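Structural overview for review
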Amino acid sequence: MQLSPQYPAAPRPARTSAGNPVWLDALRVLLGVFLLIKGLSFLDHSTDVYYLLSQQQPWAGLKKASLFVSFFHIVGGLMIATGTLTRLALMCQLPILLGAVLLVNSQNGFNLANTELWTSLLVLLLCLMFMIVGPGRYSVDNKVFRQAK
């Protein structure tokens with residue numbers, strides 16, 4: 001769009017996540033490390049996770065589901081922390097976190113004492129935020145997929 005032939009509009013540079021503040025990168029790394037630790041914790045307490053899942057639905061494959069939750073948290077946490085295919089890793093986390101917020105942790109009620117619910121909700125909101133703003137400047141995605149000028 002030009003204002004007039006005398007004053008042409010300057011082209012705007014493309015908006016990338018490389019322009020995000022550095023503190024967002026640090027927050028993304030912390031989110032990835034948190035998910036990695038949570039996945040390792042689920043793997044360590046897989047019988048507890050199986051018990052929580054078996055209370056929801058009487059499905060036969062729930063033993064495998066607890067291992068999938070652990071696997072996706074571990075691998076996804078590593079991918080999010082390093083910024084490798086970040087949006088794909090975040091998309092894989094969304095169904096797990098939605099299940100944690102809506103099915104598992106909401107049984108104890110929406111009160112301040114239910115810290116697992118609030119933690120799951122915060123992690124879900126952070127995942128949604130990073131789906132929108134992108135991985136940031138210090139990520140493998142930015143180094144590999146950015147356009148060379």
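Located above this text is the structure these notes cover.
Summarised in this report is the structure supplied together with it. (Residues numbered from 1 in each chain as written. Predicted model: local features only at pLDDT ≥ 70, side-chain atom pairs only at ≥ 80, totals over all residues. Heavy atoms only, no water.)

Things to note about the overall build of the protein
From N to C terminus, the protein includes six helices and zero strands. When the helices and strands of the protein are placed in sequence order, the string is α-α-α-α-α-α. Burial analysis of the protein (149 residues in total) assigns 33% to the buried set. Once local pairs closer than 6 in sequence are excluded, the contacts in the protein between residues at least 24 apart make up 68%. (Helix = DSSP H or I, 4+ residues; strand = E, 2+ residues; numbered from the N terminus. Buried < 20%, exposed > 50% of the residue type's maximum accessible area, 1.4 Å probe, protein only. Contact = heavy atoms within 4.5 Å.)

Quick notes on the pattern of salt bridges
Inspection of every chain in the model, using the stated rule, returns two salt bridges. As a salt-bridge pair, Asp 25 and Arg 28 come within 4.0 Å of each other at their nearest N and O atoms. Of this pair, Asp 25 and Arg 28 both sit in helix H1 (residues 22-44), separated by three residues, roughly a single helical turn. (Salt bridge = Lys/Arg side-chain N within 4 Å of Asp/Glu carboxyl O.)

Details of the environment of Thr 84
Relative to the helices and strands, Thr 84 resides in the loop between helix H3 (62-82) and helix H4 (86-104). Residues Thr 84 and Val 140, 56 residues apart in the sequence, show an inter-C-alpha distance of 5.2 Å. Beyond its immediate chain neighbours, meaning those up to four positions away, Thr 84 contacts Met 79, Val 140 and Asp 141. One polar contact links Thr 84 to Thr 82, side chain to side chain, over a distance of 2.9 Å. (Polar contact = N/O pair within 3.5 Å; in protein donor to acceptor, adjacent residues only side chain to side chain.)

So, the packing of H4 against helix H5 (residues 115-133)
Where H4 meets H5, the axes come as close as 9 Å, and the angle between the chain directions of the two elements is 155 degrees. Taken together, the axis directions place H4 and H5 in an arrangement best described as roughly antiparallel. The chirality of how H4 crosses H5 is left-handed. Together, Arg 87, Leu 90, Met 91, Gln 93, Leu 94, Leu 97, Leu 98, Ala 100 and Val 101 of H4 and Leu 117, Ser 120, Leu 121, Val 123, Leu 124, Cys 127, Leu 128, Phe 130, Met 131, Ile 132 and Val 133 of H5 make up the contact between the two elements. Looking at the contact of H4 with H5 residue by residue, the classes come out as 17 nonpolar, two polar and one charged. (Axes fitted to C-alpha atoms, helices over the stretch in contact; angles between N-to-C directions. Parallel < 35°, antiparallel > 145°, perpendicular 65-115°, else oblique. Left-handed = near helix turned anticlockwise from the far one by under 90°. Nonpolar A, V, L, I, M, F, W, Y, C, P; charged D, E, K, R; others polar.)

Topic: H4
For H4, spanning 19 residues, the distance from its first C-alpha to its last is 26 Å, which sits close to the expected 27 Å at 1.5 Å a residue. The largest bend along H4 measures about 30 degrees and falls at Leu 94, with the proline Pro 95 one to four residues further on. Restricting attention to buried positions, one finds in H4 the residues Thr 86, Ala 89, Leu 90, Gln 93, Leu 94, Ile 96, Leu 97, Gly 99, Ala 100, Val 101 and Val 104. (Expected span 1.5 Å × (residues − 1). Bend = angle between axes of the 7 residues up to and from the residue.)

Here's the deal with the packing of aromatic side chains
Enumeration over the complete set of coordinates arrives at one aromatic pair. Residues Phe 71 and Phe 72 carry aromatic rings whose centres are separated by 5.8 Å and whose planes lie at 70 degrees to one another, so their mutual orientation is edge-to-face. On the basis of relative accessibility, which here comes to 47%, the residue Phe 71 falls in the partly exposed class. Residue class for Phe 72 comes out partly exposed when judged on its relative accessible area of 33%. (Phe/Tyr/Trp six-rings, centres within 6.5 Å; stacked < 30°, edge-to-face > 60°.)

A closer look at the nonpolar core
Grouped together as the largest cluster of nonpolar side chains are 16 residues, with contacts concentrated most on Leu 31, Ile 80, Leu 90, Val 123 and Cys 127. Breaking this core down by element, the ones donating at least two residues are H1, H3, H4 and H5. A per-element tally of this core places H5 first, with six residues. The residues touching Cys 127, leaving out its near neighbours within four places in the chain, are Leu 31, Leu 90, Gln 93, Leu 94 and Leu 97. (Core = buried A, V, L, I, M, F, W, Y, C linked by side-chain atoms within 4.5 Å.)

What to know about a nonpolar patch on the surface
A surface patch of nonpolar side chains, amounting to about 560 Å² of accessible area, comprises Leu 85, Leu 88, Met 91, Val 140, Val 144 and Phe 145. Looking at the nonpolar patch, the elements that each hand over two or more residues are H4 and helix H6 (140-145). Here the element with the most residues in the nonpolar patch is H6; it accounts for three residues. Inspection of the secondary structure assignment puts Leu 88 in helix H4. Taking the relative accessible area as the measure of exposure, Leu 88 reaches 45% and is therefore partly exposed. (Patch = residues over 30% accessible without salt bridge, like charges linked within 9 Å, V, L, I, M, F, W, Y side chains within 5 Å. Areas by Shrake-Rupley, 256 points an atom, 1.4 Å probe, with all protein chains shown as cover.)

Any functional reading would require information beyond the geometric quantities listed.
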